[in-house]
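Structural characterization, general
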Amino acid sequence: MSRAGGAGGPAREPGAPRESPGHRAGATADGPGGPGGLGGLGGLGGRAAAEGAPPAAVLFDRDDTLIVDVPYNGDPERVRLMPGARAAVRLLRARGIPVGVVSNQSGIGRGLLTEAEVREVNARVDALLGGPLDVWVHCPHVPEDGCACRKPAPGLVLEAARRLGVPADRCVVVGDIGADMGAARAAGARGVLVPTTRTLPAEVASAPAVCRDLLGAVRHVLGRPSAVRRPV
Ligand SMILES: [Mg+2]
Ligand SMILES: [Zn+2]
């Protein structure tokens, strides 16, 4: 599953643990109409963060979505945010929408990374984003384990939603590859792809929505008009 272009190795596999305080657990009211505002749509219990309805939470993939992918990185000093990451998270926080990370970290299962290293990297991401995100969940397994959490399986999304106390089908998953979109779909969540140069054309073509950067993706899920269905 190594992708072309990876700096020598399976380049897709971000993620990491870290329990954050969840200071914002449960969507916070953000104006009339409940979580996120956009009044009038409250009480639709269920059926996904449909167009127009604000999400109950936004779950980002980590590597090549929130931060630049450095395969199997265990060094916090090498963490670099992706374009728009800070602004995207800031906007969600301003709207009272919980923000989490769902990340495959098979480097752990491969013996190339430790849980502690992953946590250190995640802590650096939190710091660069101005404070702890609301939930971090990662899969430490290798594909051969056949676990229920490695994306595109739904386990990470379901667990993040559970910890946040929100329905998975009201969450949005933002990621850079097809496995992220697959996990969203399998969990009943809405997927938004933010491709990089390493994203496969087929993954772009099959994505439910495509935005050019993280801020665009967040604006899109908040119902703002800056999103395109197909990439640029
Ligand atoms: Mg990724
Ligand atoms: Zn797993």
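What counts and what doesn't
- Residues numbered from 1 in each chain as written.
- Chains lettered and ligands numbered in written order.
- Predicted model: local features only at pLDDT ≥ 70, side-chain atom pairs only at ≥ 80, totals over all residues.
- UniProt positions renumbered as here; feature names shortened; annotations may be inferred.
- Buried ≥ 20, exposed ≤ 12 C-beta atoms within 10 Å, placed from the backbone.
- Helix = DSSP H or I, 4+ residues; strand = E, 2+ residues; numbered from the N terminus.
- Contact = placed C-beta atoms within 7 Å.
- Expected span 1.5 Å × (residues − 1).
- Arc of directions from axis to C-beta.
- Core = buried A, V, L, I, M, F, W, Y, C linked by C-beta atoms within 7 Å.
- Pairing = 2+ DSSP bridges.
- Axes fitted to C-alpha atoms, helices over the stretch in contact; angles between N-to-C directions.
- Parallel < 35°, antiparallel > 145°, perpendicular 65-115°, else oblique.
- Left-handed = near helix turned anticlockwise from the far one by under 90°.
- Nonpolar A, V, L, I, M, F, W, Y, C, P; charged D, E, K, R; others polar.

Per an unreviewed UniProt entry, the protein carries the name D,D-heptose 1,7-bisphosphate phosphatase and comes from Streptomyces tamarix. Here the protein is described in UniProt, under the heading Sequence similarities (unreviewed entry), as follows: "Belongs to the GmhB family." Turning to the protein, the UniProt annotation filed under Subcellular location (unreviewed entry) states: "Cytoplasm".

Buried residues of helix H5 (residues 178-187): Gly 178, Asp 180, Met 181, Ala 183, Ala 184 and Ala 187, and no others. The inward-facing, buried residues of H5 abut strand S2 (99-104), helix H4 (155-164), strand S4 (171-175), strand S5 (190-193) and helix H6 (201-206). Just past H5, the residue Gly 188 takes up positive phi, approximately 80°.

With 14 residues, helix H3 (residues 115-128) should reach 20 Å at 1.5 Å per residue; the first-to-last C-alpha distance of 20 Å fits that figure. Every buried residue belonging to H3 is among Val 118, Val 121, Asn 122 and Val 125, and all of these are buried. The arc enclosing the buried residues of H3, seen along the axis, measures out at 100°, which places them on a common side. Projecting away from the buried face of H3 at angles above 90 degrees are the exposed residues Ala 116 and Ala 127. Where the residues of H3 are buried, they touch helix H2 (106-109) and strand S3 (135-139). Looking at the residues trailing H3, positive phi occurs at Gly 130, about 85°.

A few words on the nonpolar core. Counting 60 residues, the largest nonpolar core has Val 58, Leu 59, Val 157, Cys 171 and Val 173 as the members making the most contacts within it. Apart from the residues within four sequence positions on either side, Val 58 is in contact with Leu 92, Ile 97, Val 99, Val 172, Val 174, Val 218 and Val 221.

With parallel pairing, the five strands of this open sheet are ordered in space as S3-S2-S1-S4-S5. Edge positions in the open sheet fall to S3 and S5, since each of these has one partner strand only. Strand-to-strand, the axes of this sheet are offset by a mean angle of 20°, without reference to chain direction. Across four bridges, the pairing between S4 and S5 is parallel. Following the sheet pairing, Val 172 is matched in S5 by Arg 190. In the packing of H5 onto the sheet, contacts are made with S2, S4 and S5, and the angle to S5 comes to roughly 165°.

Below, the discussion takes up the packing of H4 against H5. Between H4 and H5, the least distance of the axes is 8 Å, while the angle of their chain directions is 60°. One finds that H4 runs oblique with respect to H5. The two elements H4 and H5 cross, and the hand of that crossing is right-handed. Here Leu 156, Val 157 and Leu 158 of H4 come into contact with H5, specifically with Ala 183, Ala 184 and Ala 187. The residue makeup of the contact of H4 with H5, split by class, is six nonpolar, no polar and no charged.

Quick look at unusual backbone geometry now. At the junction of Lys 151 and Pro 152, the peptide bond is cis and its omega measures out at 20° in the coordinates. Residue position: Pro 152 is located in the loop between S3 and H4. Phi at Asp 64 is positive, roughly 70°, even though this residue is not glycine. Of note, Asp 64 is situated in the loop between strand S1 (57-60) and helix H1 (85-94). With phi around 55°, Tyr 72 is a residue other than glycine that occupies positive phi space. The exposure class assigned to Tyr 72 is buried, which follows from the 20 C-beta atoms found within 10 Å.

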